[in-house]
Amino acid sequence: MGVFNNEILAKFVNQIDSECSRDFEPAEICECLLLDMSDIYQIGKATFEFIEPASPLRPDGIHIEKVVIDRNNSRFGDMYQYYTQTGDRGSFKIVTYSMENVHWTDIEKEEIEYILTYFYKTASRYVITKLLRKSLAMDMMTGVYNQAGFLAYIEKQMATKQAYKYYTVFLNVRNFGFVNKVFSHQQGDEILRKYAQAVNALVEGDEIVGRVGGDNFVVYVHKDNIDRFLDAVDKIVIEHDFEGVYRKFEFPSIKGIASMEGLNNSHDIMNKCGMAYQFARKTKSGKAYFARDLYEKVMKQQEYVINFTEAIENEEFVVYYQPKIDVDNNSLVGAEALVRWQRDSQLIMPMEFIPSLEQNGSIRILDYYVLKKVCEQLDRWKKNGMQIIRISVNFSRKHFEEEGFVEKIINIVSSYNIEPNYIEIELTESDSYQDYDVMSKAVNQLKAYGIHVSIDDFGALYSSFNLIKNTGFDIVKIDKSFIPKESQYENREKEFTLFRNIMNLIAELNMESIVEGVESVEQLEFVKASNCKFVQGYLFDKPMPCEEFEKRLGDWKYTIPDEGM
Ligand code: C2E
Ligand code: CA
Ligand code: CA
């Protein structure tokens, strides 16, 4: 009985350990190993075959087959085969033959077996560790990176100082919900997987794709490839056949794109392409690049939302009043309450902060707040023996999403000692017919209580006469875009006919009308000639603080400069 050649075994063990730990491909290691072994053990032929079925982690699976050595034209001495089955339908096989006329000793056979077994165990341990590491970075459903994996990859790229040549694209599939309606959720997942793989097929080299939840993806793309990528991703078509239902899906998407230039952590990039995406949602093309001013705008909007609650508590919102005038005698007949945000020494206009408050819903709190302030003010004026007039308060469309908002309005008004007919609620048009029912119910409830209701900005958006006819509003506020500007005076006749007809129509429906945004005497003449009785605009007054407006209460009469008359 001989003994193992420990020196040789130790050399191979070291070689296997070091190559595996350096992340070499198992097939390459195996090839080198067999070549090195062939001198010592006089190997005449050696082949290997690794099979691994496809899985989410290895979408293409593995099938590598190779003849590493073949010296003897099919004439051999001994044969040794290492074969093992791995997991589900996988296998690992190495076959070695000694050269013709060479016979291995028992010791040599055991040594060969020892080396190949050691190789298999070590390599598979490294492969599994690597897969495990990869699985933590992968989205198991679609086979692309998950968010953590994507960010880790980007961090690595940033460390190479090459990242500035790339963009990150945040991508949301438009109307994916539709797919889940046609097929089951399970089939929906399958279609999303196909989509992810289709996007993945568009990237190359260092580019990668990640899924960050739902139907949202992020893609790391080289700047040279961006146009081609954006174009191709919109042309993706997914075919799906399930139990006889065949569908072809086109998947347009919304994309926010941000450059990696100047970034030093991966979370910044998610913020930036996320912001660009928010912006892209509002564009027709459905794509937008991140830009500095966009960033500042979004940050400001976020700041408004964050500071809102505190601002309400600190009473930072102040109500301005803009007079409404009866054009027959130029007298003050009412006013619109318009909110401003007094922050430190700055007065912020509503168009700046209202859109973000609408988005997150806080606008509702603000509207009730303004209504309270108005009621409080009317109550105070009344107590002081002043003559009061009707004040209108703007209510966002957001209120239609909320149960009992009419009751809330009535509750507020009734808690003050004022007649409800001193309050008017201004609502804006909606394009949604679903809102019509809710709107109509609300309008009638408010009117039944004695509160006036007007439709604001009529003509600016949808100008639906069906809406005003069917929902019971009693006042129409004609938007400022309806009165012709000086530059449009050559079309004066046409504009005038249109305007007068609208006014007549409103009058025939037994509704009151008021025209907003009257800035010049000429415009006033135009409005007056169309049988409109009420106006509001800079020609008379801009919105003003309460103390100033108070001076107008009583029998205030405006004098109109006679220029242009
Ligand atoms: P709006 O309801 O259409 O209010 C009229 C806006 O037109 C006011 O701007 C007013 O200052 C402006 N305006 C009045 N006369 C003229 C004129 O002759 N020429 C021009 N160019 N503009 C004129 P403001 O105060 O900046 O308000 C803007 C918008 O903010 C309002 O439009 C309204 O939609 C919203 N808003 C203001 N306060 C509130 C509020 O308390 N709640 C809600 N939901 N929205 C509000
Ligand atoms: Ca208004
Ligand atoms: Ca308006």
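Residues numbered from 1 in each chain as written. Chains lettered and ligands numbered in written order. Predicted model: local features only at pLDDT ≥ 70, side-chain atom pairs only at ≥ 80, totals over all residues. Heavy atoms only, no water.

Student: Where do I start with the overall build of the chain in this structure?
Tutor: When helices and strands are counted, the chain shows 17 helices and 21 strands. Its C-alpha atoms give the chain a radius of gyration of 38 Å, more than 25% over the compact-globule value 24 Å for 565 residues. Projected onto its principal axes, the C-alpha coordinates of the chain cover approximately 125 × 50 × 45 Å. Counting every position in the chain, which comprises 565 residues, the buried fraction comes to 49%. Here the contacts in the chain between residues at least 6 apart in sequence split such that 68% fall between residues at least 24 apart. As displayed, the chain offers around 29,200 Å² of accessible surface, 48% of which is attributable to carbon and sulfur atoms. (Helix = DSSP H or I, 4+ residues; strand = E, 2+ residues; numbered from the N terminus. Rg over C-alpha atoms; globule rule 2.2 N^0.38 Å. Buried < 20%, exposed > 50% of the residue type's maximum accessible area, 1.4 Å probe, protein only. Contact = heavy atoms within 4.5 Å. Areas by Shrake-Rupley, 256 points an atom, 1.4 Å probe, with all protein chains shown as cover.)

Student: Explain the coordination of the calcium ion (ligand 2) to me, please; I cannot follow it from the model alone.
Tutor: In a perfect tetrahedron of four donors around a metal, the angles come out at 109.5 degrees. In a perfect octahedron of six, they are 90 or 180 degrees. Looking at the calcium ion (ligand 2), one finds its protein donor set to be Glu336 (OE), Asn394 (OD1), Glu426 (OE) and Asp456 (OD), positioned 2.1 to 2.3 Å from the metal centre. The sequence pattern describing where the donors of the calcium ion (ligand 2) fall on their chain is E-x57-N-x31-E-x29-D. In this structure, the calcium ion (ligand 2) is positioned 3.8 Å from the calcium ion (ligand 3), and both are ligated by Asp456. Separated by 58 residues along the polypeptide, Glu336 in strand S13 (residues 331–343) and Asn394 in strand S15 (residues 390–395) bring together distant segments of the chain. (Donors = N, O, S within 2.8 Å, 3.2 Å for Na, K, Ca; no water.)

Student: Help me understand the sheet that holds strand S3 (residues 76–86) in this model?
Tutor: Strand order across the open sheet formed by four strands is S2-S1-S4-S3, with antiparallel pairing between neighbours. The open sheet has two edge strands with one neighbour each: strand S2 (62–70) and S3. When strand polarity is set aside, the average angle formed by the axes of neighbouring strands in this sheet is 5 degrees. In the sheet, strand S1 (residues 43–52) pairs with strand S4 (residues 90–99) via eight bridges, with the strands oriented antiparallel. Across the sheet, the residue bridging to Phe48 is Ile94, located in S4. Packed onto the sheet, helix H2 (residues 26–41) meets S1, S2 and S4 and runs at close to 160 degrees relative to S1. Along the sheet, helix H3 (residues 106–137) contacts S1, S3 and S4; its crossing angle with S3, the most-contacted strand, is approximately 30 degrees. (Pairing = 2+ DSSP bridges. Axes fitted to C-alpha atoms, helices over the stretch in contact; angles between N-to-C directions.)

Student: Can you walk me through the coordination of the calcium ion (ligand 3) in this structure?
Tutor: Within the protein, the calcium ion (ligand 3) binds to Asp456 (OD), Asp457 (OD), Glu516 (OE) and Glu516 (OE); these donor distances fall in the range 2.1 to 2.6 Å. Counting along the primary sequence, the residues that act as donors to the calcium ion (ligand 3) give the motif D-D-x58-E. By relative accessible area, Asp457 is classed as partly exposed at 27%.

Student: How do you make sense of the environment of Phe48 when you look at a structure like this?
Tutor: Its location among the elements puts Phe48 in strand S1. For Phe48, a relative accessible area of 2% translates into the label buried. Along the chain, Phe48 and Thr96 lie 48 residues apart, while their C-alpha atoms are 8.8 Å from each other. In this view, Phe48 contacts Ala27, Cys30, Glu31, Leu34, Ile64, Glu65, Lys66, Val68, Lys93 and Ile94; residues no more than four positions away in its chain are not counted.

Student: Would you explain the pattern of salt bridges in this entry?
Tutor: Following the criterion strictly, the structure yields 26 salt bridges and no others. With a shortest N-O distance of 3.9 Å, Arg292 and Glu296 are connected by a salt bridge. Of this pair, Arg292 and Glu296 both sit in helix H9 (residues 292–313), four residues apart, roughly one helical turn. Note that Asp326 is salt-bridged to Lys533, the shortest N-O span being 3.1 Å. Here Lys533 lies in the loop between helix H16 (521–528) and strand S20 (534–536) and Asp326 lies in strand S12 (residues 317–326), a separation of 207 residues in the sequence. A relative accessible area of 9% means that Asp326 is categorised as buried. The network of salt bridges with shared partners includes Lys324, Glu336, Arg390, Glu424, Glu426, Lys477 and Glu516. (Salt bridge = Lys/Arg side-chain N within 4 Å of Asp/Glu carboxyl O.)

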